[in-house]
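Observations on the three-dimensional arrangement
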Amino acid sequence: MEDFLLENAARHQHLVKAWNLKNKPPIKDDAVTSPNITVATRIRPMLEHEVSSGQVVATFPRTGASGVVDIHELRRVSFTFKVGKVFGADRPTEKVYEELVQPLLPWVWEGNVGTLFAYGQTGSGKTYSVTGLERLIAGSMLDGTLPGERRLHVSIIELAGNSAHDLLSSRQPVSVLEDSFGNTQLAGAQEAQVSENDGSSRSHAIYRIRVENPAPEALEDGLLYLIDLAGSETARDIALHASERMEETREINKSLSTLKDCIRGMANVDSAGAAGKDAKGLYIPFRHSKLTKVLKHVFDPTGTRQCRTAVLACINPSFLDTSASKNTLRYIEMLRSAQPKTQSVGFNPAVPLSWSNKDLRNFIMLKSGNPSVLPAVLAPHESGAQLLRLPADQFISRCLQSDGVTVEQAKAFHTKFWQLHVDSQRSSAKRNNGSAPSGNIVNSASSTSRDSSERNKLHFTERIRPGMVVRWNPPAELPLSKNEQNLALILCPQTAVGTEVQDAFGNPVCSDNPSTQRYLCALVVPGTLGDSYEVHIWRQVAVDVEKMEAEVLLEYNVTTRYYHITV
Ligand SMILES: Nc1ncnc2c1ncn2[C@@H]1O[C@H](COP(=O)(O)OP(=O)(O)OP(=O)(O)O)[C@@H](O)[C@H]1O
């Protein structure tokens, strides 16, 4: 096929010239994308050896229409893709940096997470782009233009199949672990100055810059990930591979496919949040590949970090690579069309999920007590939905940065904010219960959906009842994994159980101390799918009310047959 194309290169060029763009219907790139995901395409120039071997260009940015790429094939077929920003062969890496990466830097500097993926066929310019971007990032982070003092730590990990290696430490193996806060850690990875990837196209290279803020009131470290993905393979490449590499290729394609599902899933979660809806039942399969597992905090919908993501699709414009280029551009189109066109429900003062950053700041100013919590400190850029994802300790420590605000006031304000959210979810559950179930969710297991509005005003510990699910903090001596949220389903109060009864860990259910409030509960444990839970009714545990941290609303999803946490 290649020989045939090379023999007909002149004819191909003639057809491209004759291809009359004026006859093409006008095209408007009107895809709706998540504000947290930017997608772009970079078409590299033809290389000298490609030109001298007789190859010609077949992939072009559409002149007169931004965000559109055309591929023209010898068999008189053209393909059009709407792909977001397009960087043509004449655009230097500096332009890509300015438009795609530079906006992430202040974001990461403030303690958030930014990720750039470079995706594309082998030889399409991923490593060239990522390496150039790294140099520009290092320049901006070190030239003193970003405010405040920060310490930078760099690690570089190579993921090949199911193994991870540290490229800064003679390819020592690295374990991908989750710590007790549910964050992914790269155990054994060294942190040092940047050096170059060895350029292997059969593995994903992950460059991580951790931005540590030494200020005592600083929250979490900022994280910037640059990910040079393994080359997506075409049939042409696969044909050249020995059979032992086929398995490797399958693994790579599986991880790229999982990545696509995760990015689409995140866009749907963002979309639900932006429309004031909860993300119940939205499932993101980040545990299905090591790559997305390493990036858990980017893709875990129950995660607490604020994340922005950029995807750069790299294209080799040669007419020998059109089939790979079409696959890459289709992949990118799928990421962009992920965001369903939801009708924004608009601001509803009773629904924190519908609040923009401005609405949220007003609420903080008016409702956080006297002295008021500084809105710009508690919510520098978060929407209502995003602030709900912030862990309680961070919420409180942000409140405490405002002069005169006490721990009690901060805690009370946190409870008030959450109570408003729980109430708004409950009233929407009530509305839904009155109508036919929508989508996959047929059984709303919201543990308190029939509570009266009077009861709703009470703190959750004052309205505990069988069927309620709570997050709790188990004593260290219990052999329970701390990797996930510890959830328990209330079964009955200790007084309903005989004094001789023991729980699954051999502890008496009834306390000797009459003032201890205690309930017999069933453990709710993570399912095999990411973000899913199941009730182990036979694993019962005695839980003191003082160890209960919050009420958690679960929804049953008939498709996955698991419970999922309602955001
Ligand atoms: N924008 C560009 N301008 C000039 N040369 C480029 C550009 N992009 C890529 N190249 C050149 O193209 C070749 C292939 O690029 P690169 O190695 O970055 O591809 P890759 O997609 O990372 O491939 P692999 O998946 O095999 O690692 C290199 O010689 C590189 O220097």
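Residues numbered from 1 in each chain as written. Predicted model: local features only at pLDDT ≥ 70, side-chain atom pairs only at ≥ 80, totals over all residues. Heavy atoms only, no water.

This next bit is on the state of the cysteines. Within the structure shown, the criterion is met by zero disulfides. No disulfide involves Cys-510; its sulfur sits 9.1 Å from the nearest other cysteine sulfur, which is in Cys-492. On the basis of relative accessible area, Cys-510 is assigned to the buried category, the value being 14%. (Disulfide = S-S within 2.5 Å. Buried < 20%, exposed > 50% of the residue type's maximum accessible area, 1.4 Å probe, protein only.)

With that settled, the discussion passes to the sheet that holds strand β4 (residues 77–82). Strand order in the open sheet formed by three strands is β2-β3-β4, with antiparallel pairing between adjacent strands. Each edge of the sheet is formed by a strand with only one pairing partner; in this case those strands are β2 (59–61) and β4. Pairwise comparison of adjacent strand axes, ignoring direction, gives a mean angle of 20° for this sheet. Pairing analysis gives three bridges linking β2 to strand β3 (residues 68–73), with the strands arranged antiparallel. Note on β3: the bridge partner recorded for Thr-59 is Ile-71. (Pairing = 2+ DSSP bridges. Helix = DSSP H or I, 4+ residues; strand = E, 2+ residues; numbered from the N terminus. Axes fitted to C-alpha atoms, helices over the stretch in contact; angles between N-to-C directions.)

Attention shifts here to helix α6 (residues 126–142). The end-to-end C-alpha separation of α6 is 24 Å, in line with the 24 Å expected for 17 residues at 1.5 Å each. Taken together, the buried positions of α6 are Lys-126, Ser-129, Val-130, Gly-132, Leu-133, Glu-134, Leu-136, Ile-137, Ser-140 and Met-141. (Expected span 1.5 Å × (residues − 1).)

Turning our eyes to something else, we now look at the nonpolar core. Formed by 43 residues in total, the largest nonpolar core has its most connected members in Phe-117 and Phe-299. At eight residues, helix α8 (residues 243–274) tops the list of elements feeding residues into this core. Once you skip the residues sitting within four places of it in the chain, Phe-299 turns out to touch Phe-117, Leu-259, Cys-262, Ile-263, Met-266, Ile-284, Phe-286 and Thr-292. (Core = buried A, V, L, I, M, F, W, Y, C linked by side-chain atoms within 4.5 Å. Contact = heavy atoms within 4.5 Å.)

Moving on, we come to the packing of helix α4 (residues 93–101) against α6. Packing of α4 against α6 brings their axes to within 9 Å, and their N-to-C directions diverge by 70°. Classed by the angle they form, the pair α4 and α6 counts as roughly perpendicular. As α4 packs across α6, the resulting crossing turns out to be right-handed. Along its contact with α4, which presents Thr-93, Glu-94, Val-96, Tyr-97 and Val-101, the element α6 presents Tyr-128, Ser-129, Gly-132, Leu-133, Arg-135, Leu-136, Ile-137 and Ser-140. (Parallel < 35°, antiparallel > 145°, perpendicular 65-115°, else oblique. Left-handed = near helix turned anticlockwise from the far one by under 90°.)

With that settled, consider the UniProt feature "binding site: ATP" (unreviewed entry) in the protein. Within the UniProt annotation, "binding site: ATP" (unreviewed entry) is assigned to Gly-120, Gln-121, Thr-122, Gly-123, Ser-124, Gly-125, Lys-126 and Thr-127. Structurally, Gly-123 can be placed in the loop between β6 (113–120) and α6. For Gly-123, the residues in contact, after removing those within four places along its chain, are Arg-44 and Asn-316. With respect to the helices and strands, the residue Ser-124 is situated in the loop between β6 and α6. (UniProt positions renumbered as here; feature names shortened; annotations may be inferred.)

Further remarks concern the environment of Ala-267. Within the element layout of this structure, Ala-267 appears in helix α8. In the structure, Ala-267 is positioned 32 residues away from Phe-299 in sequence and 9.9 Å away in space, judged by C-alpha atoms.

Below, the discussion takes up the packing of aromatic side chains. This model, assessed by the stated rule, comprises seven aromatic pairs. Considering the side-chain rings of Phe-363 and Phe-417, the 6.0 Å spacing of their centres and the 40° angle between planes classify their relative orientation as tilted. Highlighted residues: Phe-363 in helix α12 (residues 357–367) and Phe-417 in helix α16 (residues 407–433), separated in sequence by 54 residues. Pairwise contacts between aromatic rings join Trp-355, Phe-363, Phe-395, Phe-413 and Phe-417 into one cluster. The ring of Phe-79 has Lys-326 lying over it, and the distance from NZ or CZ to the ring centre is 4.2 Å. (Phe/Tyr/Trp six-rings, centres within 6.5 Å; stacked < 30°, edge-to-face > 60°. Lys NZ or Arg CZ within 6 Å of the ring centre and 35° of its normal.)

Our focus in this paragraph is the side chain of His-72. Looking at the secondary structure, you find His-72 in strand β3. For His-72, a relative accessible area of 5% puts it in the buried group.

As a general feature of sheets, a regular strand has side chains that alternate between the two faces. With eight of nine residues buried, strand β13 (residues 307–315) lies mostly within the body of the structure. In this structure, strand β1 (residues 37–43) lies alongside β13, joined through seven bridges in parallel fashion. Its bridge partner being in β13, Thr-38 is matched across the sheet by Ala-310. Pairing of β6 with β13, which is carried by eight bridges, proceeds in the parallel orientation.

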